[in-house]
Amino acid sequence: MLKLRRSDYDSLRRHGEETYPHECCGVLLGQMDGDQRRVTSIARCGNTRNDSPHNRYDIDPKELIRIQREGRERGEDIIGFYHSHPDHPPRWSSTDLVEAHWFGCSYVITAVEEGKAAVTNSFELIGSDEDDKKLLDEKIEVG
Ligand SMILES: [Zn+2]
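Residues numbered from 1 in each chain as written. Predicted model: local features only at pLDDT ≥ 70, side-chain atom pairs only at ≥ 80, totals over all residues. Heavy atoms only, no water.

(A) Representation of the coordination of the zinc ion within the structure. Around the zinc ion, the protein contributes the donor atoms H83 (NE2), H85 (NE2), D96 (OD) and D96 (OD), at 2.0 to 2.5 Å from the metal centre. As a motif over one chain, the donors of the zinc ion read H-x1-H-x10-D. With H85 in strand β4 (residues 77–86) and D96 in helix α3 (residues 94–98), this pair connects stretches of sequence that are eleven residues apart. By relative accessible area, which is 7% here, H85 ends up buried. On the accessibility criterion, D96 (8% relative accessible area) is buried. (Donors = N, O, S within 2.8 Å, 3.2 Å for Na, K, Ca; no water. Helix = DSSP H or I, 4+ residues; strand = E, 2+ residues; numbered from the N terminus. Buried < 20%, exposed > 50% of the residue type's maximum accessible area, 1.4 Å probe, protein only.)

And the structure:
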């Protein structure tokens, strides 16, 4: 299960509205608590893809390293990622699976329909290597 404060949940959904019709992306920081992930802050990222920003996203590795370092200084780990699907369902794409590499992390996807955030879903990346990895539905708890 992924636990988010209302303010962080609203913020990541709003991010998708602000970047519409392009995808937004960002990082979820917090702590693992058994099989629960508790988000304590989120970090917005710039979308570095210029070829097709409306249906692809990428986080600059330098930006990710900085976010990870700053999180550790606050006692937070990277526990997930989020992005938006402008005018597409909130389901992971085959590209999303290929580009997911953080096992045990959450991948949150928000559908943005005509500029308005619609459904937000979360998926957990499970498996042990690139050949057997899967994205499984995960419950989101807000509050
Ligand atoms: Zn996607």
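So that's the structure; there's more coming.
(B) Seen up close, the nonpolar core. In this structure, V27, I59, F81 and Y107 are the most contacted members of the largest nonpolar core, which totals 18 residues. For this core, the elements supplying multiple residues, two or more each, are β2 (25–33), β3 (36–45), α2 (61–73), β4, β5 (106–113) and β6 (116–126). Of all the elements, β2 adds the most residues to this core, at three residues. Counting residues in each nonpolar core, the second largest holds twelve residues, with L2, C24, L28 and I79 among its members. (Core = buried A, V, L, I, M, F, W, Y, C linked by side-chain atoms within 4.5 Å.)

(C) The pattern of salt bridges, seen in detail. The final tally for this structure, using the stated rule, is twelve salt bridges. Among the ionic pairs, R37 bridges to E124, the shortest N-O distance being 3.4 Å. One end of the pair, R37, is in strand β3; the other, E124, is in strand β6, with 87 residues separating them in the sequence. The partner of R37 in a salt bridge is E138, with the nearest N and O atoms 2.3 Å apart. Of this pair, R37 sits in strand β3 while E138 sits in strand β7 (residues 134–138), and the two are 101 residues apart along the sequence. The exposure class of R37 is buried, given its relative accessible area of 2%. (Salt bridge = Lys/Arg side-chain N within 4 Å of Asp/Glu carboxyl O.)

Distances and angles like these do not, on their own, reveal function.
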